[in-house]
Amino acid sequence: NVIAAGGWDIVHLQSYHTLVAPLTMLAAKRAHIPYVVTFHGGGSSSDFRNHIRGLQQRLLRPLLAHAERLIAVANFEVNYYGSRLHLNSERFVVIPNGCDLPQVNESSNKGEGTLLMSIGRLEQYKGHHRMIAAMPYILAHYPDARLRILGEGPYKSELESQAHSLGLAGRIEIGGIPATKRSEMAATVASADLVTLLSNYETHPIAALEALALKRPVLVANTSGLQELAERGLAKAIPLTSTPQEIATAAVQQLRNPLIPAKLDLPTWDDCARELLLLYRGVTGRF
């Protein structure tokens, strides 16, 4: 057993969705090695996976309760998992992910027209289709508007079909940028007049935070970790059940009177690593 024989000081489990989670926690427990867990709840386009999440959490509850700490990447997770697992908030610690896109001069990257951007993997739950549906109504106010859907994934053909059926094929570009091309990603996001994330579920919306770091106005769905951005005054939020007309109205308002926070205190990946190291030291007392 790798865990039992490795001489580890601590085990850090990332995510609870697969069989890796119970096997890892059980092995660490049997080996008397302290362990911590980061949930990385995330969303899913699978109704089955979403349906069994509650059962997974109930089955894992004894092992999760034995963890030295449960790591949330956003504040809402403390109440969400605390209530579902019947665990006290003291069992949790919040350590956000980092937001480290390179800074760019966004004025030098502006193209022609009004550019809206929807960022995220091409999955149904990410909500890109909501922005496509809103585009005809946005074009009524901004005839030069274009939509860039920035991502890759299995839902691409459905999004392309939707755009074609609405006569928007020439107005919408769908495709991602390799994760290694950070400067290109930063320049592309900085060129947007509005960044949107209308996802069903986001734990810690790094794409939105990176857009905010680049001083782009952001429109989000009023759900999960996205809602926290609106509560902090960093983004505008709309209900997930908004109609295409309502989405367009909110987008137009953000274009005409953009909310761009004057001061941001966003975590970096160095901040994340530093907080994790402090947690490891507190749990083990060994380094």
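Asker: Give a description of the overall build of the chain that names residues and reports values.
Answerer: Scanning the chain for helices and strands turns up eleven helices and ten strands. For 287 residues, the compact-globule formula gives about 19 Å, and the C-alpha radius of gyration of the chain, at 21 Å, lands near that figure. Summarising its shape, the C-alpha atoms of the chain cover approximately 65 × 40 × 30 Å along the three principal directions. Going through the 287 residues of the chain one by one, you find that 49% of them count as buried.

Asker: Break down the packing of helix 5 (residues 128-139) against helix 10 (residues 244-256) for me, citing the residues and quoting the values.
Answerer: Interaxial distance between helix 5 and helix 10 falls to 8 Å at its minimum, and their mutual angle equals 70 degrees. Relative to helix 10, the element helix 5 lies roughly perpendicular. Two secondary-structure elements touch here, helix 5 through Arg130, Met131, Ala133, Ala134, Tyr137 and Ile138 and helix 10 through Pro244, Gln245, Ile247, Ala248 and Ala251. Of the residues contributing to the contact of helix 5 with helix 10, the split by class is nine nonpolar, one polar and one charged.

Asker: Outline the sheet that holds strand 2 (residues 35-38), supporting the account with residue identities and numerical values.
Answerer: Spatially, 1-2-3-4 is the arrangement adopted by the four strands of the open sheet, whose pairing is parallel. The sheet is open, and its two borders are formed by strand 1 (11-14) and strand 4 (92-94), each paired with just one other strand. Mean inter-strand twist for the sheet, computed between neighbouring axes without regard to direction, equals 25 degrees.

Asker: Lay out the packing of helix 5 against helix 6 (residues 156-165) with the relevant residues and their values.
Answerer: Their axes nearest at 10 Å, the elements helix 5 and helix 6 cross at an angle of 10 degrees. In terms of orientation, helix 5 and helix 6 fall into the roughly parallel class. For the pair helix 5 and helix 6, the contacting residues are His128, His129, Ile132 and Ala133 in the first and Leu159, Gln162 and Ala163 in the second. Here the contact of helix 5 with helix 6 is composed, by residue class, of four nonpolar, three polar and no charged.

Asker: So what about helix 7 (residues 182-190)? Which residues, and what values?
Answerer: By the burial criterion, the buried members of helix 7 are Met185, Ala186, Ala187, Thr188, Val189 and Ala190. Its buried side turned inward, helix 7 meets strand 5 (114-119), strand 6 (145-150), strand 8 (194-197) and helix 8 (206-213).

Asker: Lay out the pairing of strand 8 with the relevant residues and their values.
Answerer: A regular strand places its side chains on the two faces of the sheet in alternate fashion. Across the two faces of strand 8 the burial is the same, with Leu194 and Thr196 and Val195 and Leu197 all buried. Here strand 5 runs beside strand 8; their pairing, made up of three bridges, is parallel. Across the sheet, the residue bridging to methionine 117 is valine 195, located in strand 8. Regarding the hand of the β-α-β motif, the stretch spanning strand 8, helix 8 and strand 9 (residues 218-221) is right-handed.

Asker: Tell me what's going on with unusual backbone geometry, and back it up with residues and numbers.
Answerer: At histidine 32, a position not held by glycine, the phi torsion is positive, near 60 degrees. As for its placement among the helices and strands, histidine 32 is situated in the loop between helix 2 (20-30) and strand 2. At histidine 86, a position not held by glycine, the phi torsion is positive, near 55 degrees. Considering the arrangement of structural elements, one finds histidine 86 in the loop between helix 4 (76-85) and strand 4. You can call histidine 86 exposed: its relative accessible area is 68%.

Asker: Give me the pattern of salt bridges: which residues, what numbers.
Answerer: One side chain can pair with another of opposite charge once the charged atoms of both are near each other. Summed over the entire model, instances satisfying the criterion amount to five salt bridges. Taking the shortest distance from any N to any O, the salt bridge between lysine 126 and glutamate 202 comes out at 2.6 Å. Taken together, the residues lysine 126 in the loop between strand 5 and helix 5 and glutamate 202 in the loop between strand 8 and helix 8 connect sequence positions 76 residues apart. Note on accessibility: lysine 126 and glutamate 202 belong to one class, buried. The partner of arginine 148 in a salt bridge is glutamate 173, with the nearest N and O atoms 3.8 Å apart. Here glutamate 173 lies in strand 7 (residues 172-174) and arginine 148 lies in strand 6, a separation of 25 residues in the sequence. We classify arginine 148 as buried; its relative accessible area is 14%.

Calculation criteria
- Residues numbered from 1 in each chain as written.
- Predicted model: local features only at pLDDT ≥ 70, side-chain atom pairs only at ≥ 80, totals over all residues.
- Heavy atoms only, no water.
- Helix = DSSP H or I, 4+ residues; strand = E, 2+ residues; numbered from the N terminus.
- Rg over C-alpha atoms; globule rule 2.2 N^0.38 Å.
- Buried < 20%, exposed > 50% of the residue type's maximum accessible area, 1.4 Å probe, protein only.
- Axes fitted to C-alpha atoms, helices over the stretch in contact; angles between N-to-C directions.
- Parallel < 35°, antiparallel > 145°, perpendicular 65-115°, else oblique.
- Contact = heavy atoms within 4.5 Å.
- Nonpolar A, V, L, I, M, F, W, Y, C, P; charged D, E, K, R; others polar.
- Pairing = 2+ DSSP bridges.
- Right-handed = clockwise from strand over helix to strand, strands pointing away.
- Salt bridge = Lys/Arg side-chain N within 4 Å of Asp/Glu carboxyl O.

Limitation: the analysis is restricted to geometry and does not speak to function.
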